[in-house]
Structures are given as structure tokens and as C-alpha cells.
Amino acid sequence: MTLLGRLLKNRRADETQAAWYLPHLTGPEGLSLTSDQFGDGEAMLLEHCGKHIGGRDLSPRLSWCPPPSGTAQLLLVMEDVDIPLNRPAVHCVALIDPTCQRLEPGALDARQPGRGVRLMRSTIGRGYHGPGPIKGHGPHRYVFQLFALATPVDDSVHAKPADRARPRLLLSSVTGPVLARGRLTGVYER
């Protein structure tokens, strides 16, 4: 795998394809998204990485400041913006009750999500899928993006239940304005 990583070293996703840059998801950056398990731009712990590389696929503890009044729902998206594809890989999508101000470790587990968390489909499956970059490809940035939505995401997206819709289709279906947003980037390299 190290050879493959070296061969693809200069191939990276187009970061501007991340949810953060979608025109209908822009808005004020008033949500302070943090984790006490890594700082912005710092390395993520192995326990938060995928099981296939020796991790536990345990979503990190995340916390944020209270969203603005009028927030109907929070949308959390985690993407690998350095994957050697045309656009970032979506590792997790979750709809969160706006009264929540933090997620404990493991709250994004598909089998037992935390209180107030509704897990949607991602590129990989449902729930949190931790970092697992190609060995030798270099550091990958995993961007957690939190959006305070004025209107909840519809229960159906193009005649499909929202939790079965592909992540890009679900993200494109967000219609209400974004009242605030915040992001946190963790890094992992093999």
C-alpha cells in the first residue's frame, strides 16, 4: 500500500467541493466547534480511526457554543478533503437536535447513536467512519463541519427517505438559510 500512496501523493480531492463551500450552506461563522481530544489542525488519536488500520471507529467528543435562536436543526458533516478522488469523501452525516451542545465519544455510532442524533448515509455507510488514509499518501485532513439550519432537512429527498439518500443529494436538498456554522479539522497520516 505504501507504493500506491506514493504514486497518488500529488492527487487530492478538490477541497472546494466540501460541504463548507456549497453556496446554499454558506453563512456566518458563529459556531465555535471544538474537541478536547485534538485541536484544530492537530493529529487525531488512533482510537478515532477506522478499525481496518487498528483504530476503534470511535467518534470524538465534539462541543459547540449555543446555536442562534431560530435554529431548527444542526447538520454535522465530516469529510476527508485529501482523498485521491475528484471530491472529498463524506465520512459522516448527522442531523442533531438544536438543544444539544455536545456529542460524547461514540455518539455517532450507527448501532447506538447519542441522544438527539439522527445518522444519515455517508459515502462509506451510516454513522461515523474514522480516518483510514492510504499508507504513504501523506497527511489527510478530516473536516468536521457544523451548520445551524433555520429549516429542518426534509424527511424525503427526491422521493427517497432522507436517511437513504446519497450524501451529496442530501446536502443539495438543504433549503433553509444557514444561521451559523463552524468547523474543526483533525489530521491523520499513515
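No experiment lies behind these values; they were computed from the predicted model shown.

On to the pattern of salt bridges. Evaluation of the coordinates by the stated rule reveals 12 salt bridges. As a salt-bridge pair, R141 and E15 come within 3.1 Å of each other at their nearest N and O atoms. Here R141 is found in strand β8 (residues 140-149), whereas its partner E15 is found in the loop between α1 (2-7) and β1 (33-34), with 126 residues between them in sequence. For R168, the salt bridge identified is with E79, shortest N-O distance 2.8 Å. Here R168 is found in helix α2 (residues 167-172), whereas its partner E79 is found in strand β4 (residues 73-80), with 89 residues between them in sequence. Each member of the pair R168 and E79 is classed as buried. Three or more residues are tied together by salt bridges with common partners; here these are R12, E15, D82, R141 and R183.

Reading the values: the criteria
Residues numbered from 1 in each chain as written. Predicted model: local features only at pLDDT ≥ 70, side-chain atom pairs only at ≥ 80, totals over all residues. Heavy atoms only, no water. Salt bridge = Lys/Arg side-chain N within 4 Å of Asp/Glu carboxyl O. Helix = DSSP H or I, 4+ residues; strand = E, 2+ residues; numbered from the N terminus. Buried < 20%, exposed > 50% of the residue type's maximum accessible area, 1.4 Å probe, protein only.

This is a description of form; function is not addressed.
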